[in-house]
Amino acid sequence: MRKIFIVIAILMTSASIDSNAQTSSGRVMGTVTDGDAKTVESATITLLKASDSTISKMGMADKTGKFIIEGIPFGKYLVAVSAVGHQKGFSEIFEISSLKPEIELNAIKLKQEEKSLGVVTIVSRKPLVEQKIDRTVVNVDASITNVGNSALEVLEKAPGVSVDKDGNISLKGKQGVQIYIDGRPSYLSGADLANLLRNMNSSQLDQIEIMTNPPAKYDAAGNSGVINIKTKKNKQFGYNGSITAGYTQAYYPRANGNFNFNYRTGKINFFSNLGYNYGERHQVLYMYRNFRDEISKNILSSLDQAAHMKSSSKYLSAKAGLDYFISKRTTMGIVVNGYNNPTLWKSNTDAFIKDSNASLMSQTKAYSENDQKTKNFSTNLNFRTQLDSAGQEISANLDYIQYKTKTVQPLISRYYDNTGVLLKVPDTLMGKLPQNINVYSGKIDYTLPLKKGAKFEAGVKASYVKTDNDARYDSLINGQSIPDINRSNHFVYEENINAAYLNYSRPLSKKWSGQVGLRFENTVAKGNQLTTGETFTRNYSQLFPTAYLQYAANDKNQFVINYGRRIQRPDYSDLNPFILFVDRYTIQTGNPELAPQFSNNIELTHTYNNFLSTTLNYSATKNIIQQVVEQDETTNEGILKYTNIANMHQIGISVNAYKQFNSWWSSNVYVNGYRNHFKGIVNNDLVSLGVTGVMIQVQEQFKWGKGWGAEVSGFYRSKGLEGVIYIESFTKIDAGFSKQVLKNKGTIKLNFSDVLNGLNINGYSKYGAVDFHFRNENYIRSVSLNFTWRFNKGKLKAIGNGREGSATEELQRIKGGNN
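Our subject in this report is the structure included herewith. (Residues numbered from 1 in each chain as written. Predicted model: local features only at pLDDT ≥ 70, side-chain atom pairs only at ≥ 80, totals over all residues. Heavy atoms only, no water.)

Focus on the packing of aromatic side chains
Counted according to the given criterion, the structure contains 23 aromatic pairs. Here the aromatic rings of tyrosine 493 and phenylalanine 536 are separated by 6.4 Å at their centres, their planes lie at 35°, and the arrangement is tilted. Linking tyrosine 493 in strand β30 (residues 489-507) with phenylalanine 536 in strand β32 (residues 534-552), this pair joins segments that are 43 residues apart in sequence. Take tyrosine 493 and phenylalanine 536: they sit in the same class, and that class is buried. Considering the side-chain rings of phenylalanine 715 and phenylalanine 730, the 6.2 Å spacing of their centres and the 85° angle between planes classify their relative orientation as edge-to-face. With phenylalanine 715 in strand β41 (residues 708-717) and phenylalanine 730 in strand β44 (residues 730-741), this residue pair connects regions lying 15 residues apart in the sequence. Taken individually, phenylalanine 715 and phenylalanine 730 each receive the classification buried, so the pair is uniform in this respect. Counting every residue linked through ring pairs, the aromatic cluster contains Tyr239, Phe261, Trp789 and Phe791. (Phe/Tyr/Trp six-rings, centres within 6.5 Å; stacked < 30°, edge-to-face > 60°. Helix = DSSP H or I, 4+ residues; strand = E, 2+ residues; numbered from the N terminus. Buried < 20%, exposed > 50% of the residue type's maximum accessible area, 1.4 Å probe, protein only.)

Below is the structure:
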């Protein structure tokens, strides 16, 4: 930790060091444009000594193509500029002196190129983190320590993102994140989303986009914002592809393989991906519960248990798509996705029941498993046409998604007295939990550029979702299977959401620009518990405004303030009042009374010199949805369910700093401090809980000659509060090396993950009569070796696709109710 804080101190003071450079120095400024006089965003700027062309300093142009390099010692120099899809450009030679310490260059014009890749392989070097006006972008391949990791582990390292013990994702200390994949839904939420991301390998990922306050075009769902995971796509004529193979050794082994192939010629663009991931994971959960009298709060009994868990999965995914360019302005396409993921989870639990004096009364040994077979199929039809040369555009998307899972869940329990004598014949409970989910969704978007840089956007969307959960339990008594009607349940849920939005943006002056939006959503939902005949209906309409105001004070300082209202609807299965056995003494059940939660979020961001970004944020959430624990002291059972427990207020500050110290060392540091406070009624008790938390994420990257690279990264999270559960501090440190081989067509990466074995989670909850604490040992420390070979033949040229699907929020809320 001392080294981390030293690096932070270096970064936080580097701005003042630069601004207080010696008087025998100056600065150079300029603008980068392409051949059509359009500015080039995020071009790489390299200051070279005129005498020998050695690198003196490096920087990056902003979104308007402008750049400034300061602290230049007196002497003669020239500037080299490079950008993706353009030939390299150079400035004229200039001299910094006491007579002329400030130089403004003529615009450096870059020519677009179509470079044959039949002989030369281009290996791009993107920065790890890019800060844009409405989002933060993380380039996955830029981090060596992402090798061998899952998509969930990659997310965990992204600025402001944290993952709890169950795989739930939070952003800046707030839960309720919407996960997109390629602008389309992630298909799952909760435990099943975590399971999907654990089985996606980092070799399939290109970028992660983080939006804390998305504009009105996006679904209003997501209390803390949107994270869009972008997979790798075709960007050149001809063909190209890659083959990746990797092996990871943790407590158990893991292996991954990925094949990516793309082909574009004429009016046809074909893209495909095939991935396989095999993994075994080990986990131990220790839990201690005190059962207290609700009035006196005295301890009546306690439960001390340890669960040793092992999971294995064989994840096979496939994607194929076709774009047809009807004309230069019109494109239509189809994308087909699918995956098959058989997973087996096993748990052996020892539970010790003690009296109020902590004397052992009895012992239970239980074995349980989830033998789950998950299949998914989805297809997207998309159409886009530009109506004129000014950029007027209409796009449309139709989506169909089918999600099927079959789970068999045996639970065998053996009961012993305090001396270890078997009390009775072991009981066996067998659960069969099939689930079918169908999603239909469509949307149309319209864009109209106006005079003076203004833009008008509008769109409509409709979706229909039907989930069918038929949970059947049988008890094995004297060797015979007897239906358990008290635990069995058949639940059907239907939901229709219709939405429309308007969005308008324009420059207000040379320094000011603004954007306003309004989204309307109507929700009609019906739940039918076929087993008991109980039904419920929901029908509500809401408006969701958004507003953005940007002020560019000068070339170095930019300010953005934004506001948005968001909604978080309950996951489909959380409305289903069926019973799921986590273990013999832990039960999970749904809650048909769940209502959506609403939040109002406001942020103020200051960006300094494309180096330092500081954000102040405030959020107020009503009817927050959180998992709570209800305890039954007569059976020593804990019941987990989601409920609208309270209101939450959060205030926070985050700082992100990126510094290129020289040509071989770069650093990115993210620090987020926040205060969360929950207040409400839980289990008929008034609960007021608060915590001040800090998250620190650091990534140090090194590059030297002959294709070698290295990275050290890590994060620290202080004590936090997730609903009514306090989570103690934890940390994770990774280190890795990379080497370009085979004339830059191949890359070998070696990664050491969780070097200090710090990702073990401790937590507790104490309110009313509830009193428990736990420790979750994850055993994720590992070493990974990965090899990627790239092949291509064609001409590099960026393309668009318009394949952003329509089913977003609906699919995010799908949860199979397992694990």
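Moving on from the model shown.
A closer look at the pairing of β41
Here β41 lies mainly inside the structure; seven of its ten residues are buried. As defined by bridge partners, strand β40 (residues 685-704) adjoins β41 across ten bridges and the pair is classed as antiparallel. Looking across to β41, one finds that glutamine 697 is bridged to phenylalanine 715. Counted between consecutive antiparallel strands, the loop separating β40 from β41 contains three residues, among which lysine 706 sits at a positive phi close to 60°. Both β41 and β44 contribute to a ladder of ten bridges, which runs antiparallel. By the bridge assignment for β44, glutamate 711 is matched with glycine 736. (Pairing = 2+ DSSP bridges.)

Overview of the sheet that holds strand β12 (residues 161-163)
Spatially, β12-β13-β14 is the arrangement adopted by the three strands of the open sheet, whose pairing is antiparallel. Among the strands making up the open sheet, the edge pair consists of β12 and β14 (174-175). Here strand β13 (residues 169-171) pairs with β14 via two bridges, running antiparallel. What sits directly across from leucine 171, in β14, is lysine 174.

Some words on the pattern of salt bridges
Evaluated as defined, the whole model comprises 21 salt bridges. Glutamate 521 is paired through a salt bridge with arginine 519; the nearest N and O atoms lie 2.8 Å apart. Across the pair, arginine 519 and glutamate 521 agree in class, each one buried. Linking lysine 641 and glutamate 630 is a salt bridge whose minimum nitrogen-to-oxygen distance equals 3.5 Å. Here glutamate 630 lies in strand β37 (residues 612-632) and lysine 641 lies in strand β38 (residues 637-660), a separation of eleven residues in the sequence. Take glutamate 630: its relative accessible area is 26%, and that puts it in the partly exposed class. Connected via shared salt-bridge partners are Asp219, Lys461, Arg519, Glu521 and Arg569. (Salt bridge = Lys/Arg side-chain N within 4 Å of Asp/Glu carboxyl O.)

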